[in-house]
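# Close look at the chain arrangement
Okay, here's what each chain looks like letter by letter:
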Amino acid sequence: MDIKERLTSIRDGETRRAQFARFIINGCLAAGVHYGVYLLLLVSYDNDVCGVKGAVGESLATGMAYVVGYLVSFALNFYVTCVFTFRTEPTWRRFVGFSGSHVVNFILHNILFPLCLYVGLHRLVAPFVVMGIAMLVQFTILRFVFGKR
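Below you will find a few notes about this structure. Remember, predicted model here, so these are calculated numbers, not experimental data.

The rules behind each value
- Residues numbered from 1 in each chain as written.
- Predicted model: local features only at pLDDT ≥ 70, side-chain atom pairs only at ≥ 80, totals over all residues.
- Heavy atoms only, no water.
- Helix = DSSP H or I, 4+ residues; strand = E, 2+ residues; numbered from the N terminus.
- Contact = heavy atoms within 4.5 Å.
- Salt bridge = Lys/Arg side-chain N within 4 Å of Asp/Glu carboxyl O.
- Buried < 20%, exposed > 50% of the residue type's maximum accessible area, 1.4 Å probe, protein only.

Relative to the helices and strands, Phe139 is located in helix H5 (residues 126–145). In this structure the C-alpha to C-alpha distance between Phe139 and Gly36, which are 103 residues apart in sequence, comes to 22 Å. Non-local contacts of Phe139, meaning those with residues more than four positions away in its chain, are made with Arg16, Gln19, Phe20, Phe23 and Phe86.

This paragraph deals with the pattern of salt bridges. One pass over the structure, following the stated rule, counts two salt bridges. The salt bridge partner of Arg123 is Asp46, with a shortest N-O separation of 2.9 Å. Taken together, the residues span a long stretch of sequence, with Arg123 in the loop between helix H4 (92–118) and H5 and Asp46 in helix H2 (residues 16–46) at a distance of 77 residues. Relative accessible area serves as the criterion here: at 33%, Asp46 is assigned to the partly exposed category. The partner of Glu58 in a salt bridge is Arg123, with the nearest N and O atoms 3.6 Å apart. Of this pair, Glu58 sits in helix H3 (residues 58–85) while Arg123 sits in the loop between H4 and H5; the two residues are 65 residues apart in sequence, bridging distant segments of the chain.

Our focus in this paragraph is the environment of Phe20. Along the polypeptide, Phe20 turns up in helix H2. Along the backbone, Phe20 and Thr140 are 120 residues apart, and their C-alpha atoms lie at a distance of 9.7 Å. Residues contacting Phe20, with those up to four places away along its chain left out, are Leu136 and Phe139.

Right under this line is the structure:
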């Protein structure tokens, strides 16, 4: 099987492997948006673009930037998960299930991220470790939400 056939099978396939490949692509996109917003807010804070550097400590600003990045990526992630990963229509039922799975994911992020910082990972590296772990947990949950067992 050549590369074009493999890419086509990922794009069009309904096997668990194809879904997981699309999930990884979607996860990378969501992680990129998450990290991009996070980094933009960190740079804004470090350069005092919003004039809050004196009022908000670095630790709080880092946490807030991480949460805002997560929420922005959430909106994109739901839509792409429906139409690309699992080939389903976005519905309120799926949105509720997706949101519930992200509550678990959000809690996981908020346990792992400070833990990574505590053990000494740099604040620019820690998000990648957290996202990698959370991505695997998320796929397992979402297969049930989208009925693709």
